[in-house]
Amino acid sequence: MKRAGLMRSLGVCYYPEHWDEAQWAEDAARMAALGLTWVRIGEFAWSRMEPEPSRMDWGWLDRAIDTLGRAGLKVVLGTPTATPPRWMIDRHPDMLAVDKEGRTRGFGSRRHYCFSHQGYRAECARIVGLMAERYGRNPHVAAWQTDNEYACHDTVLSYSPAAKAGFQDWLAQKYQSPDALNRAWGTVFWSMEYRDFAEVGLPNLTVTEPAPAHVMDFRRYSSDQVAAFNRLQVEIIRKHSPAPISHNYMGAITDFDHFDVGTDLEIAAWDSYPLGFLSDRIPADAEHKRRFVRQGDPDFQAFHHDLYRAVGRGRWWIMEQQPGPVNWAPYNPDPLPGMARLWAWEAFAHGAEAVCYFRWRQAPFAQEQMHAGLLRPDSAPAQAFDEAGQVAKELAAMPDVGTARADVALVFDYASAWAWETQPQGRSFSYFWLVFHVYKGLRRLGLNVDILPPDTSDLSGYRLVLAPGLFTLSEPLKSALAGFKGTAVLGPRTNSKTPDFAIPVPLPPALPGLDARVIRVESLPPDVPVPLAMGGALINWREKLEGGATVVEASEDGWPAVVSAGKTHYLAGWPDDQALGRILQRACATEGIETDPLPEGLRRRDTGTHRFLFNYNAVPVEWGGVTIPPAGVHWTAT
Ligand code: GAL
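Residues numbered from 1 in each chain as written. Predicted model: local features only at pLDDT ≥ 70, side-chain atom pairs only at ≥ 80, totals over all residues. Heavy atoms only, no water.

Chemist: Would you mind showing me how to read the nonpolar core here?
Modeler: As a rule of thumb, soluble globular proteins bury nonpolar side chains together. Counting residues in each nonpolar core, the largest one holds 192 residues, and the members touching the most others are Trp144, Trp185, Trp345, Phe348, Trp360 and Leu374. Here this core gets 10 residues from one element, more than from any other, and that element is helix H8 (residues 212–240). Beyond its immediate stretch of four places on either side in the chain, Phe348 contacts Arg8, Ser9, Leu10, Glu353, Ala354, Val355, Val391, Leu395 and Val401. Formed by 9 residues, the second largest nonpolar core is a distinct cluster that contains Ile267, Ala269, Met319 and Cys356. (Core = buried A, V, L, I, M, F, W, Y, C linked by side-chain atoms within 4.5 Å. Buried < 20%, exposed > 50% of the residue type's maximum accessible area, 1.4 Å probe, protein only. Helix = DSSP H or I, 4+ residues; strand = E, 2+ residues; numbered from the N terminus. Contact = heavy atoms within 4.5 Å.)

In structure tokens, the structure reads:
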């Protein structure tokens, strides 16, 4: 399936309030001359919009938008609610978030608010209303961004009095009676029974771990608050503006359900910092980190492109693209020349409508003074400036990149991430990294992958569907799988709990037609693999199964490792690279999906109009008769 004719464009994040007004026009002219289309502004500027409570100063923002617009740029206007000004804390001293240790988080950086605080929500509604009324019909404001990076700096879970009151109300609505809550949470265990919703506390500062169902409900409640906070802004903006609304999500962050927030927005955007992520977030070995230190992990960006394409129901952007060294990771290397171009092209090949670099000019002051921009602090071009210009020219020559649907789908579920953080049962079990590991295995075979939400009801068009680690199997997905004609690969841990966080009976995975029951699980330290008879091993997690299902693979110690019934396969553990490659190749062969194992660090993407190759290596790679230079992008029309 091909969606043709979509314009792809570039942009940049800009902070007019950081610079002398005399500089704005020249900045705008240079942005336009570079070939940029979009400029995102406003998202941290509350103290300049409203220096004193209710004393508004819109003049500078009017002029900034006007200056940018006159230069031919389109503005993405951000709501400033991630940075409530200092006076706000005097008005609402209890609006600050409280961390798990019970400490109030302080003023002096950003994101210092609790999502549950109704007084702060009303302040947000007020400022967003004023902005939307003033700029909703402004011809230069062509898109909106709500807040900035929900969840950044660990800000979704707040253990404040406001959160406690909100949680109690949420529980009362969900369960209707304390008895129903007691049954669902299993509070008879350790005499934790409640007589009233007002007795229920937040799941922190308990002597040892709280009941997993208690934690899980708090995670659901907290995610709902993010969605409600966002929805409030969206509803106000929509009343005044026809422009699409976005939010900028992050990498490897699962603290709220992005699919939920995404249904209220037209565009899912995300902020891509490949070198920061490799240094800070990705649990790879030292060799991998060394090899890709200036390029980033070859799959991490693509995974999020595919994830956010799903969250945005097809419409997605990069709102912030790393342009040079960042300031916030343990190590902050300089990207290999060419990477600022490669990252942008890879995003376009995965369907991005726009890629905006963060930021225009490096700020010589405050927290991010060591963070590169397209310009140096002295306004001379930095390395990524020319690369952005090159992408702009290339885009102009080839505006239609196409978007092709994949044969392979991978289910991603935020609630499963919460569940397995609540009950990992082994230090090296992580839902996110399990799914990412499977994604990597697919990409190494040269496959396009679509990511699907956990309540997907339509699998038609796919030939292979994978759903590792799902805490529960939703009813829509269960019936979609029942009617699915292709190969489905589930497990480990799939469907291993009830929504109330109990072990179901009959025992999991309880997949229709598959006679297999998980009778025991074990988690293992990373250096204790369970070897498989065909080579490779199960790592981190292993399940022992009983039942009459066909044994496709077994471990050397004689337990089933992969079982099947027809085209439904279940993995009784976390396969290592070698075993995963074999399992995926077998599934692809069954479905007639062509695989093409790629050299390390080389990745491929078919877009319906083009085949793209991306070389994440610091050395040239030869493939399919072409030599792709380090950080090189190669495409051919198909
Ligand atoms: C993002 C954030 C930006 C800036 C950037 C630095 O997480 O949205 O405001 O801080 O990181 O890399």
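Back to the write-up after that little detour.
Chemist: For this particular structure, what's the right way to read the pattern of salt bridges?
Modeler: Side chains bearing opposite charge may pair, as long as their charged atoms lie close to each other. This model, assessed by the stated rule, comprises 44 salt bridges. Two residues, Arg126 and Glu123, come together in a salt bridge whose shortest N-O distance is 2.9 Å. In this pair, Arg126 and Glu123 both sit in helix H5 (residues 118–135), 3 residues apart, roughly one turn of the helix. Taking relative accessible area as the criterion, Glu123 reaches 5% and is therefore assigned buried. Its salt-bridge partner being Glu546, residue Arg517 comes within 3.0 Å of it at the nearest N-O pair. Of this pair, Arg517 sits in strand S13 (residues 517–523) while Glu546 is found in strand S15 (residues 537–546), placing the two residues 29 residues apart along the sequence. By relative accessible area, Arg517 is classed as partly exposed at 27%. Given a relative accessible area of 38%, Glu546 falls into the partly exposed group. (Salt bridge = Lys/Arg side-chain N within 4 Å of Asp/Glu carboxyl O.)

Chemist: Help me understand the confidence of the model for the chain, please; the structure alone is not making it clear to me.
Modeler: It should be kept in mind that the predicted coordinates are not to be read in detail where pLDDT is low. In the predicted model, the chain carries a mean pLDDT of 97, and the fraction of residues at 70 or more is 99%. Per-residue pLDDT stays below 50 along residues 1–5; that stretch engages in 12 contacts with residues further than four places along the chain or on separate chains. (pLDDT = per-residue confidence, 0-100.)

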